[in-house]
Structure formats: C-alpha cells, structure tokens
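Spelled out from the first residue to the last, the chains are:
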Amino acid sequence: MTTILEQLRDMTVVVADTGEVEAVKAHAPVDCTTNPSLVLGALKDPASEALVAREIETGRKAGLSPAAVCDALTVAVGAELAALVPGRVSTEVDACLSFDTEASVTRARNIIADYAARGVGKDRILIKLASTWEGIRAAEVLQDEGIDCNLTLLFSMAQAVACADAGAFLISPFVGRITDWYKKAEGVESYAPDEDPGVKSVRGIYDYYKSNGIDTVVMGASFRSTDQIKALAGCDRLTIAPKLLDKLGNESGTLPRALSPDNASGVAKIEMDEKAFRWEMNSDAMATEKLAEGIRNFDADHKKLIALIADRMA
C-alpha cells in the first residue's frame, strides 16, 4: 500500500513550506517557498551555518548595512534551495512594501538580478507579493516582464479574482489562517473537513478558476492538519510544512481525489476593478484582518532577521 503522501504526489504538486536545507533534502519536493519567518529558521539551521557566515562576512567587507545583508542572505538561501529542487523557489518582497507598487516592482527586479548573479535564472524563481491591490498591480507589471509571481496572504475570492485578472502565475490561499479566524469568531474547536472554512475557500477559488479557463496556479497553503490537506487533494499545488509531510508519509490508506478540473461547476466570471476589490475586502472582516495581520507579522520577522544579522556583524 502506498502512503498518503505518495498518493497525493500523484495528483498534486507538493511544495515544501520551509527554508531549511535538511528538510528539503529529506522530502524532495518539486518546489519550495520562503518568507522572513522561514529564513529566520534557516538562520538557526546548522546546515546553513556556513552560508550565513559567508554572506555576513561578504557584506561586512563590502560595507553593507544589516538590511542589505538580509536581502543578500535571503537570496543566498533561495539559491541553495534552487540547487536542491527541480522546480521553483518563491522569494518574498519585503512586507513593508505591500502598499507601494513601484517599490515592490523595484525590489522584485533586484531579487531577480541577485539570483542571476548567483547563476539562478528567473525561470526558477517566483516573486512573492502580498495580495493587496498594490501588490497585485506590481505582479501585473512583473508578469508582463516575464517575471512570474506568487501572490500570498490570500484569503478571499476578491483577491483571487484580481490576481487572475492580473495574470499572476500562482496564488497561495491560506487555509489554516482562515480556519483559525472562524474558530475564534464562532467559538468552535474544530470543523469536519468538508465544512472547514479554509478548505471551502480554496475549493471555491479552484472551482472559479477551472470554470473560467484561468491558468493561474492554485497552491493551498498554511495548513493546520493533514485532514485539511487531504480535503484539497488534487489541487494544483499544496505547500506543506515538514511536520505534516512526515505525518502524510507515515500514513497508509486510500486518498480520494477531492478536486479535479473535470468537476468544475461552470460558475460565471466575476468582474473586479479597484472599487469592487476594496469594497469586497472591506465587507469581509476575516480577509481584511488576516491580510493586515499577515503583513504585520512578516514585517516583524523581517525586522527580527535584520536585528540578528546586525548582532552578528557587530
């Protein structure tokens, strides 16, 4: 009997939600993803110690600021991961730029240039941007330049529609964070997989995309349990933390396919402009709160990362 993870790989591209080298080696995902929180983990990862020390020393000799070294280190970690996976490595634009389209585009171009200097082509990278209106507009510019984007911190259909209209390569709807919000709001301990608000959100987005011939990849993210993952089996991609990958790899049984383009309902296309986007977001307390919280938390981890680097450079 094949494991649940092996069965999942037969119907979904599995992405490792980690920046730790050993975890990527152990799970052999097609793609992997990073953000400031995950790079912080890599900073404490013994397997990355030599790389971290090298980047900090190079930055010190070049007279770079801790923030500039942080930028270089993030790409250095991504380049190391790119050597381990056959697919893409997602790399995040600073969260503090989430409401600045022009600055986000400039930062993304710099990330791509830094990767190129390290021998990693743009075809191996996804630029991660928060799914704000400004972040989506930045993705539209970058996609036109041939730079593929991963729109993250996505919690609503309004965001998903706007991302598709912008031609985003990939979106990362956050399952677990949606569920967290509803559990607190509704005062419940758990949901059955088919009633889980996070699962239902991704299923709805997937159905909308497949019903309307949208090529943007749907990659479910932020899982709290293997049940949530199983309930989205068949989704284009799923990014999964190492602990949950381990659980799936140790579980046997039959995994039914939950999502398939053949089962699209044919739901009608939604018209979305800036006015409609902002109104829909304003009307959705969960999406507004979780987007804002996610941006704040990524920014806090980015600042923490810079502070740690500053300490090591002192």
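Our structure is the block above this text.
These lines cover the structure that appears in this document, whether it is placed above or below.

### Some details on the layout of surface pockets
Its volume calculated, the largest pocket comes out at about 340 Å³. Along its surface, the largest pocket is lined by 21 residues, and Asp 17, Arg 177, Ser 222, Phe 223 and Arg 224 are the ones closest to its centre. Mapped onto the lining of the largest pocket, the elements with two or more residues apiece are helix H3 (36–43), strand E5 (149–154) and strand E8 (237–240). Residue composition of the lining of the largest pocket, by class: 9 nonpolar, 8 polar and 4 charged.

### Concerning the packing of aromatic side chains
For the structure shown, the criterion picks out 4 aromatic pairs. Seen from their ring centres, Trp 133 and Phe 277 are 5.2 Å apart, and the 50° between their planes marks the pair as tilted. On the criterion of sequence distance, the pair formed by Trp 133 in helix H7 (residues 133–144) and Phe 277 in helix H13 (residues 274–283) is long-range, its members being 144 residues apart. Phe 277 carries the same exposure label as Trp 133, and that label is buried. Aromatic side chains Phe 155 and Phe 174 sit 5.6 Å apart centroid to centroid with 70° between the ring planes, which places their arrangement in the edge-to-face category. Here Phe 155, found in the loop between E5 and helix H8 (157–165), pairs with Phe 174, found in the loop between strand E6 (170–173) and helix H9 (175–186); they are 19 residues apart in sequence, far enough to count as distant. Looking at Phe 155, the relative accessible area reads 1%, which means it is buried. Assessed through its relative accessible area of 6%, Phe 174 is described here as buried. Lying over the aromatic face of Phe 169, Arg 88 brings its terminal NZ or CZ to 4.7 Å of the ring centre.

### So, the pattern of salt bridges
All told, the structure shown has 23 salt bridges when counted by the stated rule. The partner of Arg 312 in a salt bridge is Glu 49, and the shortest N-O contact between them spans 3.5 Å. With a gap of 263 residues between them, Arg 312 in helix H14 (residues 285–313) and Glu 49 in helix H4 (residues 49–61) connect regions that are remote in the sequence. For Asp 194, the salt bridge is made with Arg 203, and the minimal N-O distance between the two is 3.1 Å. Its relative accessible area of 48% is what places Asp 194 among the partly exposed residues. By relative accessible area, which is 22% here, Arg 203 ends up partly exposed.

### Some thoughts on empty space enclosed by the protein
Empty space among the atoms becomes apparent when a probe as large as a water molecule is rolled across them. Applying the stated criterion across every chain yields a total of 2 cavities of 30 Å³ or more. Roughly 100 Å³ of volume is contained in the largest cavity. Lining the largest cavity are 14 residues, with Pro 36, Thr 74, Glu 92, Asp 94 and His 302 sitting closest to its centre. For the lining of the largest cavity, the secondary-structure elements that each account for two or more residues are H3, helix H5 (66–82) and H14. By residue number, the principal contributor to the lining of the largest cavity is H5, which donates 3 residues. Grouping the amino acids of the lining of the largest cavity by side-chain chemistry returns 6 nonpolar, 4 polar and 4 charged. Considered as a void within the structure, the second largest cavity measures approximately 70 Å³ in volume. Taken together, Glu 92, Val 93, Asp 94, Ala 95, Leu 97, Ser 98, Ser 104, Lys 128, Leu 129, Ala 130, Leu 153 and Phe 298 make up the full set of residues lining the second largest cavity.

### Examining helix H1 (residues 4–11)
Within H1 the residues assigned to the buried category are Ile 4, Leu 5, Gln 7, Leu 8 and Met 11. Take H1 and look down its axis: the buried residues cluster within an arc of 160°, on one side only. Considering only its buried residues, H1 is in contact with strand E1 (13–16), helix H11 (226–230), E8 and helix H12 (242–249).

### A few points about the nonpolar core
A general trend in soluble globular proteins is that nonpolar side chains are found buried together. Counting residues in hydrophobic clusters, the biggest one holds 95 residues, and the most contacted among them are Ile 127, Tyr 209 and Ile 240. The element that contributes the greatest number of residues to this core is H5, accounting for 9 residues. Apart from the residues within four sequence positions on either side, Tyr 209 is in contact with Ala 160, Cys 163, Ala 164, Ile 171, Ile 214, Thr 216 and Val 218. Leu 126, Leu 170, Val 217 and Met 219 belong to the second largest nonpolar core, which has 5 residues in total.

### Remarks on the environment of Met 1
Looking at the secondary structure, you find Met 1 in the segment before H1. Separated by 157 residues in sequence, Met 1 and Ala 158 have C-alpha atoms that sit 41 Å apart. For Met 1, the residues in contact, after removing those within four places along its chain, are Ser 252 and Gly 253.

### Side note on the environment of Ser 104
Tracing the backbone shows Ser 104 in helix H6 (residues 101–117). Its relative accessible area of 2% is what places Ser 104 among the buried residues. Between the alpha carbons of Ser 104 and Ile 205 there is a distance of 25 Å; along the sequence they are 101 residues apart.

### As for the packing of H7 against H8
Look at H7 against H8: their axes get within 9 Å of each other, and the N-to-C directions meet at 20°. Put simply, H7 runs roughly parallel to H8. You can see that H7 and H8 cross each other, and the crossing is right-handed. Contacts between H7 and H8 involve Trp 133, Ile 136 and Glu 140 from the former and Gln 159, Ala 162, Cys 163 and Asp 165 from the latter.

Rules used in this analysis
- Residues numbered from 1 in each chain as written.
- Predicted model: local features only at pLDDT ≥ 70, side-chain atom pairs only at ≥ 80, totals over all residues.
- Heavy atoms only, no water.
- 1 Å grid on protein atoms, 1.4 Å probe; cavity = no way out; pocket = protein on both sides within 12 Å on 5 of 7 lines; lining within 4 Å.
- Points joined across faces, edges and corners; volume = space filled by probe spheres on them.
- Helix = DSSP H or I, 4+ residues; strand = E, 2+ residues; numbered from the N terminus.
- Nonpolar A, V, L, I, M, F, W, Y, C, P; charged D, E, K, R; others polar.
- Phe/Tyr/Trp six-rings, centres within 6.5 Å; stacked < 30°, edge-to-face > 60°.
- Buried < 20%, exposed > 50% of the residue type's maximum accessible area, 1.4 Å probe, protein only.
- Lys NZ or Arg CZ within 6 Å of the ring centre and 35° of its normal.
- Salt bridge = Lys/Arg side-chain N within 4 Å of Asp/Glu carboxyl O.
- Arc of directions from axis to C-beta.
- Contact = heavy atoms within 4.5 Å.
- Core = buried A, V, L, I, M, F, W, Y, C linked by side-chain atoms within 4.5 Å.
- Axes fitted to C-alpha atoms, helices over the stretch in contact; angles between N-to-C directions.
- Parallel < 35°, antiparallel > 145°, perpendicular 65-115°, else oblique.
- Left-handed = near helix turned anticlockwise from the far one by under 90°.

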